[in-house]
Amino acid sequence: MSDITGLEFPEDLKYTKTHEWAKIEGDIATVGITQYATHQLTDIVYVEAPVIGENAVQSKELEPEGAVESVKASTPIYSPLSGEILEVNEEVVDAPEMLNDDPYANWIYKLKIGDASEIDNLFDLDPYKKHCEAEEH
Amino acid sequence: MAPKRTPLAEIHEEIGGNMVDFSGFYLPTHYTSITDEHETVRNAVGVFDVSHMGNFRIFGDTALDTVDNILTQDIKGMRMKQLKYTHFLNEEGQIVDDMIIAKLGDDHYFSVPNAAKIKLDWDHFNKYRKEGTVMENLSEDYAIIAVQGPKAVDVMRKATTNPCEMKFFNCDYMHFKDLNKTFLVWRSGYTGEDGFELMIPNEDAVAVWRSIFKHGEEFGIKPIGLGARDTLRLEKALLLSGQDFDFNRTSLETNVTWVVKWNHDFVGKEVLEKQKEDGIPAKFVAFKLNDRGIPRTGMEIFKDGKKVGIVTSGTMIPGKKIGFGLGYVDFDLKEYGTEIVIKIKSREVPAVIVNPRA
């Protein structure tokens, strides 16, 4: 019941239908959540850190941990790509409100891309925008 | 089905409320942010549209007998214009709902049931209604505006001609200057703060809201959504009907056992008497986490590796970086300071039972 005007959608990212973004550099993907997601969640108060060394699976919730929580609810992070979790952004874990301020500068985790062909399953900017618009109606 | 619009829906849209369908009502989760709204009510004054809640008027020669038999509270002992928080039970002793009831006359009562349970409560009251009691379901006819926070009294003094000398949990008719009309006002709320709940006929709701904001401006008044309503009540361990009890608990298991008055007969009393004799199995407590995480409804509570309870409500209290929850634990673990463990996914997070009023 809000709309997507005024939200930021960077060009150089890939997107999921569950509102994660991935920045792909070589065989490393940096992952965060989109401004559409932070806007829906409002008041992000806690980031449950993903577990380094675990293997993420494309489109599946991170296991055993990995979620973004607002005052109201916990929302799982669905990994945009499969691969081993290499790094977690401790700054965001310590100060989750950074995700409200700038969800693109503040990534959540990095993974080593396990299967590059999975990148084709992700949205580019325009289809992702259309997907957000459709969710609004 | 489209959610019902309250008489204040046009205001929420005008001021940019984030509108959702909440138990069939079109209401705002927040206007600015839950954190900001939570702190506004704790420090200044905030205004809620709680028109989704019901309104029952109960009167007639036998009205007192009817309500005294349905409710766990001692209604016969009520003073004029007093309010009482009460439970009412089914014949198995389980809580059907909680509500506040006002005594407006010796044979005249007004009560506010929870939105999601209006129909259920109405049927329950009808089932036990005595001959000579008249009940009116006015839920569609009244808006309720809650003005809450330490500055609420200042706003009410400016908006009305009344000195506001009534004490908390009393009610009175107050004269609103801008409208030149008189409405029933309760000094009560669901935030743990001082506050007022205004019972306003639908057609006057928008004008009363605007008047309250005009007079409240100098006190930093803000509109408050459902999100902060939940965190405010949670922080003070006020029960949420349908979530902290849902036909699975008796009043003796809650943290408000004082709603049960043994000096009169009421529906479900025998079950409570037996439970008191046999031992109460569980107790409703508040706890805070001693490590990071947020407790959520349905998570399990452990002590020494054994499951001892369940979380019914949880959040991170806005402005404090502490996970906080409510739930039921084995009765002998209810004391403040008891250390427990909350299972949050794969983690076992240490927590401690606390006094939410401290």
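Residues numbered from 1 in each chain as written. Chains lettered and ligands numbered in written order. Predicted model: local features only at pLDDT ≥ 70, side-chain atom pairs only at ≥ 80, totals over all residues. Heavy atoms only, no water.

### Quick look at the overall build of chain B
Link 1 in the chain: Scanning chain B from terminus to terminus reveals eight helices and 20 strands.
Link 2 in the chain: A compact globule built from 358 residues should have a C-alpha radius of gyration of about 21 Å, and chain B, at 21 Å, falls within 12% of that.
Link 3 in the chain: Projected onto its principal axes, the C-alpha positions of chain B cover 65 × 50 × 45 Å.
Link 4 in the chain: Counting contacts in chain B only where the partners sit at least 6 residues apart, residues at least 24 apart contribute 65% of the total. (Helix = DSSP H or I, 4+ residues; strand = E, 2+ residues; numbered from the N terminus. Rg over C-alpha atoms; globule rule 2.2 N^0.38 Å. Contact = heavy atoms within 4.5 Å.)

### Description of the domain arrangement of chain B
Residue and element names in this part refer to chain B.
Link 1 in the chain: Along its sequence, chain B is carved into domain 1 (4-53 + 141-234), domain 2 (56-137) and domain 3 (281-358).
Link 2 in the chain: Between domain 1 and domain 3, the C-alpha centre-to-centre distance is 31 Å.
Link 3 in the chain: The interface of domain 1 with domain 3 comprises seven residues on the first partner and nine residues on the second.
Link 4 in the chain: Taken together, the connections running from domain 1 to domain 3 amount to zero salt bridges.
Link 5 in the chain: There are one residue pair in polar contact (both at pLDDT 80 or more) connecting domain 1 and domain 3. (Domains from an automatic or database assignment. Salt bridge = Lys/Arg side-chain N within 4 Å of Asp/Glu carboxyl O. Polar contact = N/O pair within 3.5 Å; in protein donor to acceptor, adjacent residues only side chain to side chain.)

### Describing the sheet that holds strand β1 (residues 4-5) of chain B
Link 1 in the chain: Pairing is mixed across the open sheet formed by three strands, whose spatial order is β1-β3-β2 (chain B). Each end of this open sheet is capped by a strand with a single partner; those strands are β1 and β2 (19-22) of chain B. (Pairing = 2+ DSSP bridges.)

### Re the packing of aromatic side chains
The description of two aromatic rings rests on the distance between their centres and on the angle between their planes.
Link 1 in the chain: Here the structure, examined in full by the defined rule, presents 14 aromatic pairs over all chains.
Link 2 in the chain: Between W209 of chain B and F213 of chain B, the aromatic rings sit 5.1 Å apart at their centres with planes inclined by 25 degrees, giving stacked as the arrangement. Here the residue W209 of chain B and the residue F213 of chain B both occupy positions in helix α6 (residues 205-216), the gap between them amounting to four residues, near one helical turn. With respect to burial, W209 of chain B and F213 of chain B carry one shared label: buried.
Link 3 in the chain: Site record: aromatic cluster; members linked through ring pairs are F9, Y15, F123 and Y128 of chain A.
Link 4 in the chain: In this structure, K110 of chain A is placed above the aromatic ring of W107 of chain A, and the distance from its NZ or CZ to the ring centre is 4.8 Å.
Link 5 in the chain: One residue, K276 of chain B, lies across the ring of W262 of chain B, its end atom 4.2 Å from the ring centre. (Phe/Tyr/Trp six-rings, centres within 6.5 Å; stacked < 30°, edge-to-face > 60°. Buried < 20%, exposed > 50% of the residue type's maximum accessible area, 1.4 Å probe, protein only. Lys NZ or Arg CZ within 6 Å of the ring centre and 35° of its normal.)

### Observations regarding the interface of chain B and chain A
Link 1 in the chain: Opposite the 22 residues of chain B that make contact, chain A presents 22 residues.
Link 2 in the chain: Note on chain B versus chain A: buried area summed over both sides is about 1700 Å², and carbon and sulfur give 49% of it.
Link 3 in the chain: The largest share of the area that chain B buries against chain A comes from R292, R296 and K345 of chain B, three residues that together contribute 31% of it.
Link 4 in the chain: Scanning the region where chain B abuts chain A turns up five salt bridges.
Link 5 in the chain: In this structure, R292 of chain B and D94 of chain A form a salt bridge, with 3.3 Å as the shortest nitrogen-oxygen distance. (Buried area = accessible area lost by both parts, 1.4 Å probe.)

### Thoughts on helix α7 (residues 226-235) of chain B
Residues and elements named next belong to chain B.
Link 1 in the chain: Counting buried residues along α7, nine of its 10 residues qualify, which places the element largely inside the surrounding structure.
Link 2 in the chain: Listed in full, the buried residues belonging to α7 are L226, G227, A228, R229, T231, L232, R233, L234 and E235.
Link 3 in the chain: Buried-residue contacts for α7 involve β2, β3 (25-28), α2 (34-43), β4 (46-49), β17 (306-316) and β18 (323-330).
Link 4 in the chain: Positioned one or two residues after α7, A237 has a phi angle of 60 degrees, which is positive.

### Focus: the pattern of salt bridges
Residues and elements named next belong to chain B.
Link 1 in the chain: Applying the stated criterion across every chain yields a total of 34 salt bridges over all chains.
Link 2 in the chain: Note that E193 is salt-bridged to R42, the shortest N-O span being 3.0 Å. Residue E193 is found in the loop between β12 (181-186) and β13 (195-201), and its partner R42 is found in helix α2; the two are separated by 151 residues along the sequence. Here the two residues E193 and R42 agree in accessibility, since each one is buried.
Link 3 in the chain: Across the pair D230 and R233 runs a salt bridge, and its minimum N-O distance is 3.0 Å. Pair noted here: D230 and R233 are both in helix α7, with a separation of three residues, about one helical turn.

### Here we look at the packing of α2 of chain B against α7 of chain B
Residues and elements named next belong to chain B.
Link 1 in the chain: The interhelical angle for the contact between α2 and α7, taken along N-to-C directions, is 55 degrees, at an axis separation of 8 Å. Our classification of the angle between α2 and α7 gives oblique. Relative to α7, α2 is oriented so that their crossing is right-handed. On the side of α2, the interface is formed by I34, E37, H38, V41 and R42, while α7 contributes G227, A228, T231, L232 and E235.
Link 2 in the chain: Per-class residue counts for the contact of α2 with α7 are four nonpolar, three polar and three charged. (Axes fitted to C-alpha atoms, helices over the stretch in contact; angles between N-to-C directions. Parallel < 35°, antiparallel > 145°, perpendicular 65-115°, else oblique. Left-handed = near helix turned anticlockwise from the far one by under 90°. Nonpolar A, V, L, I, M, F, W, Y, C, P; charged D, E, K, R; others polar.)

### Quick look at the side chain of H215 of chain B
Residues and elements named next belong to chain B.
Link 1 in the chain: Tracing the chain through its elements places H215 in helix α6.
Link 2 in the chain: A residue is classified by how much of its surface remains accessible, and H215, at 9% relative accessible area, is buried.
Link 3 in the chain: Ignoring sequence-local partners within four residues, the contact set of H215 consists of V155, K158, A159 and D178.

### What about α2 of chain B?
Link 1 in the chain: Every buried residue of α2 of chain B is accounted for by I34, E37, H38, T40, V41 and R42 of chain B.
Link 2 in the chain: Next to the buried residues of α2 of chain B lie β4, β10 (142-148), β14 (222-223) and α7 of chain B.

### Re the nonpolar core
Residues and elements named next belong to chain B.
Link 1 in the chain: Ranked by size, the top nonpolar core spans 50 residues in total, and within it F110, W186 and M199 carry the most contacts.
Link 2 in the chain: Here this core takes four residues from strand β7 (residues 95-105), the largest share from any one element.
Link 3 in the chain: Every residue in contact with W186, bar those within four places of it in the chain, is listed here: L83, I100, A102, F110, S111, V112, N170, C171, G195, F196, E197 and M199.
Link 4 in the chain: V147, A152, M166 and F196 belong to the second largest nonpolar core, which has 31 residues in total. (Core = buried A, V, L, I, M, F, W, Y, C linked by side-chain atoms within 4.5 Å.)

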